[in-house]
Amino acid sequence: MIARLDEEERALALRDLPEWTPVQEPEGIRRLFIFKDFVGAFGFMTKVALLAERADHHPEWSNVYNRVDITLTTHDAGGLSRRDIDLATQIDAIYS
Ligand SMILES: C[C@H](O)[C@H](O)[C@H]1CNC2=NC(N)=NC(=O)C2=N1
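Residues numbered from 1 in each chain as written. Predicted model: local features only at pLDDT ≥ 70, side-chain atom pairs only at ≥ 80, totals over all residues. Heavy atoms only, no water.

Undergrad: An account of the packing of aromatic side chains is needed here, citing residue identities and associated values.
TA: Per the counting criterion, the structure on display carries seven aromatic pairs. Centre to centre, the rings of F33 and F44 are 4.9 Å apart; their planes meet at 40 degrees, and the pair counts as tilted. Pair noted here: F33 is in strand 2 (residues 28-34) and F44 is in helix 2 (residues 38-55), with a separation of 11 residues, a long-range link. For the pair formed by F33 and F44, the shared burial category is buried. Taken together, the ring pairs in this structure connect W20, F33, F35, F44 and Y95 into an aromatic cluster. (Phe/Tyr/Trp six-rings, centres within 6.5 Å; stacked < 30°, edge-to-face > 60°. Helix = DSSP H or I, 4+ residues; strand = E, 2+ residues; numbered from the N terminus. Buried < 20%, exposed > 50% of the residue type's maximum accessible area, 1.4 Å probe, protein only.)

Undergrad: Summarise a nonpolar patch on the surface; cite the residues concerned and give the values.
TA: Taken together, the side chains of F38, V39, F42, V64 and Y65 make up a nonpolar region of the molecular surface, amounting to roughly 540 Å² of accessible area. When residues of the nonpolar patch are assigned to their parent elements, the largest contribution, three residues, is made by helix 2. Along the chain, F42 turns up in helix 2. (Patch = residues over 30% accessible without salt bridge, like charges linked within 9 Å, V, L, I, M, F, W, Y side chains within 5 Å. Areas by Shrake-Rupley, 256 points an atom, 1.4 Å probe, with all protein chains shown as cover. Salt bridge = Lys/Arg side-chain N within 4 Å of Asp/Glu carboxyl O.)

Undergrad: Could you give me a rundown of the side chain of D92, with the residues and numbers involved?
TA: Tracing the chain through its elements places D92 in helix 3 (residues 82-95). Its relative accessible area of 17% is what places D92 among the buried residues. Among residues more than four places away in sequence, those in contact with D92 are L17, W20, R31 and F33. (Contact = heavy atoms within 4.5 Å.)

Undergrad: So what's going on with the environment of R15? Residues and values would help.
TA: Turning to its location among the elements, R15 is positioned in the loop between helix 1 (7-14) and strand 1 (21-23). For R15 and R67, which are 52 residues apart along the polypeptide, the C-alpha to C-alpha distance reads 24 Å.

Undergrad: Please set out the packing of helix 2 against helix 3 residue by residue, giving values where relevant.
TA: Where helix 2 meets helix 3, the axes come as close as 10 Å, and the angle between the chain directions of the two elements is 150 degrees. Taken together, the axes of helix 2 and helix 3 are roughly antiparallel relative to one another. At the point where helix 2 passes helix 3, the crossing takes the right-handed sense. Between helix 2 and helix 3, the residues in contact are F44, K47, V48, L51 and A52 and L87, Q90, I91, I94 and Y95, respectively. (Axes fitted to C-alpha atoms, helices over the stretch in contact; angles between N-to-C directions. Parallel < 35°, antiparallel > 145°, perpendicular 65-115°, else oblique. Left-handed = near helix turned anticlockwise from the far one by under 90°.)

Undergrad: Which residues make up the pairing of strand 4 (residues 67-72), and what are the values?
TA: For strand 4, a buried count of five out of six residues is recorded, marking the element as mostly surrounded by other parts of the structure. Relative to strand 4, strand 2 is paired through six bridges, and the arrangement is antiparallel. Within strand 4, the position partnered with R31 by the bridge is I70. Relative to strand 4, strand 3 (residues 60-64) runs antiparallel, the two sharing five bridges. Bridged to W61 within strand 4 is I70. Count of turn residues in the strand 3/strand 4 antiparallel hairpin: two residues, of which Y65 carries a positive phi of about 50 degrees. (Pairing = 2+ DSSP bridges.)

In structure tokens form, the structure reads like this:
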């Protein structure tokens, strides 16, 4: 069972993820990614999907044309966990 981060752990982890915004219901973090066009957005989604499957940790996301809106939360923990932080870090690396 993966643990939900407490307030202090969450604050510390989010220092290194300045582009991600804390959200509630579900408790998690959210970031909007913008691309030149749909091909850019979908190529990014393909890479994230492979990462997510490898980590057995999956994003809640939506795509409209060149925009990808991602929320990371851990259903098994009922909130934000280390898995979300790890996946967000990997997603940022793909985007940059
Ligand atoms: C059985 C499987 O390992 C679990 O359901 C995994 C899969 N992917 C998951 N993804 C996310 N975001 N949260 C989870 O709790 C989760 N659990």
